[in-house]
Amino acid sequence: MNLIHALDIEFQFNEQLQTITPVLLMDEEYTILIDCGYPNFMDHIREAASRSNVALDTITTIILTHDDMDHIGSLAALKRSYPHIEVISHEIEAPYIDGTKKSLRLVQAEASLTMLPLHELAQAEQFVRFLQTIEHVPVDRLVSDKELLPWCGGIEIIHTPGHTPGHISLYLPLCKTLIAGDAVVIENGKLDIANPQFTLDLEAAVQSVRHLLAYDIEKLYCYHGGLFEGQVRPALERLADSYESRNNEPRHNKE
Ligand SMILES: O=c1ccn([C@@H]2O[C@@H]3COP(=O)(O)O[C@H]3[C@H]2O)c(=O)[nH]1
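The shown structure was predicted, so the numbers you read here are calculated from the model rather than taken from an experiment.

**Overview of the UniProt feature "domain: Metallo-beta-lactamase" (unreviewed entry) in the protein chain**
Here is step 1 of the chain: UniProt feature "domain: Metallo-beta-lactamase" (unreviewed entry): in the numbering of this structure it lies at residues 19-224.
Here is step 2 of the chain: This span, residues 19-224, is 30% helix and 22% strand, and a straight line between its end C-alpha atoms measures 7 Å.

Below is the structure:
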């Protein structure tokens, strides 16, 4: 028995209706949550999981695709309530999650304060203060590219850097399913790079999309956008091509 439950969670953020999609993977023994929402999202996760008849206390494992406030925000609360949960992330991402290194999103947000026009400053400062409140949690197990976790018939770790340096996607060969985290998102029905303006290394993010073409993917779940309804391979190819052709466009001489 292998099951995948997409936990679509709708909420208001910055006065906008948003949806995030953590994913539950289950086999006979293990219940694995992939990413865990913003701070104070335990009730949202509990409610979404209960729609799939899953109780939070059955979660054995949390795999974090990367360190960002909307992916690790409720990790500390989940660990406090369920200390048995094993937390897994890529080895490069772990120091940001456990707080040994300063969150790169916070570094980015602080750096933006010196460059923003005055009218955007208050919101950016608020975002910095928000990031400073994110609780850090030790990572119990480090994984690296191509590692195969034994659950659900095998879960392959794919290192997909770009959005952050230790970002991972998860591939389940048995059901040809990719959990993409923020490696790609769905925007207006199409695959896209997640917030390119905040992507820490856009070139690497596009390379990661190309790398995903090596996998036979029939179902693709995005954290922002949920299940992609379409032909995955051509969509990934179009996405990589579109960013690469932008990079190859001749630059206009402004002199
Ligand atoms: O100045 C900034 C920088 C970033 N951000 C957020 O950081 C997030 C990174 O992951 P994401 O792609 O899910 O979403 C991004 C944005 O929502 C922001 O709101 N303001």
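Moving on from the model shown.
**What to know about the sheet that holds strand β8 (residues 141-143)**
Here is step 1 of the chain: On the basis of which strands lie adjacent, the open sheet formed by 6 strands has the order β1-β4-β5-β6-β7-β8 and mixed pairing. Edge positions in the sheet fall to β1 (3-6) and β8, since each of these pairs with one other strand and no more. Shown here is a sheet whose adjacent strand axes are inclined to one another by a mean of 20°, direction ignored.
Here is step 2 of the chain: In this structure, strand β4 (residues 23-26) lies alongside strand β5 (residues 31-34), joined through 4 bridges in antiparallel fashion. Opposite Val23, over in β5, you have Ile34 as the bridge partner.

**Focus: the site of the ligand**
Here is step 1 of the chain: Every residue near the ligand is listed here: Asp68, Met69, Asp70, Arg105, Phe127, His163, Asp182, Ala194, Asn195, Phe198 and His224.
Here is step 2 of the chain: Measuring from an oxygen atom of the ligand, one finds a side-chain N or O atom of Asn195 at 2.9 Å.
Here is step 3 of the chain: Within the side chain of His224, a nitrogen or oxygen atom sits 2.9 Å from an oxygen atom of the ligand.
Here is step 4 of the chain: Calculation on the ligand without its partners gives an accessible area of 430 Å², and the protein chains cover 81% of this total.
Here is step 5 of the chain: For the ligand, the cavity whose grid points lie within 2 Å of the majority of its atoms is the largest pocket.
Here is step 6 of the chain: Along the lines of polarity and charge, the residues of the shell around the ligand split into 4 nonpolar, 3 polar and 4 charged.

**What to know about the side chain of Asp70**
Here is step 1 of the chain: Mapped onto the secondary structure, Asp70 falls in helix α2 (residues 69-72).
Here is step 2 of the chain: Among buried charged residues, Asp70 stands out as having no salt bridge; its nearest opposite-charge side chain is Arg105, 6.9 Å away.
Here is step 3 of the chain: Beyond its immediate stretch of four places on either side in the chain, Asp70 contacts Ile20, Gly37, Tyr38, Tyr223 and His224.

So, how was this worked out
Residues numbered from 1 in each chain as written. Predicted model: local features only at pLDDT ≥ 70, side-chain atom pairs only at ≥ 80, totals over all residues. Heavy atoms only, no water. UniProt positions renumbered as here; feature names shortened; annotations may be inferred. Helix = DSSP H or I, 4+ residues; strand = E, 2+ residues; numbered from the N terminus. Pairing = 2+ DSSP bridges. Axes fitted to C-alpha atoms, helices over the stretch in contact; angles between N-to-C directions. Near = heavy atom within 4 Å. Polar contact = N/O pair within 3.5 Å; in protein donor to acceptor, adjacent residues only side chain to side chain. Areas by Shrake-Rupley, 256 points an atom, 1.4 Å probe, with all protein chains shown as cover. 1 Å grid on protein atoms, 1.4 Å probe; cavity = no way out; pocket = protein on both sides within 12 Å on 5 of 7 lines; lining within 4 Å. Sits in = over half its atoms within 2 Å of the grid points. Nonpolar A, V, L, I, M, F, W, Y, C, P; charged D, E, K, R; others polar. Buried < 20%, exposed > 50% of the residue type's maximum accessible area, 1.4 Å probe, protein only. Lys, Arg positive; Asp, Glu negative; His and termini not counted. Salt bridge = Lys/Arg side-chain N within 4 Å of Asp/Glu carboxyl O. Contact = heavy atoms within 4.5 Å.

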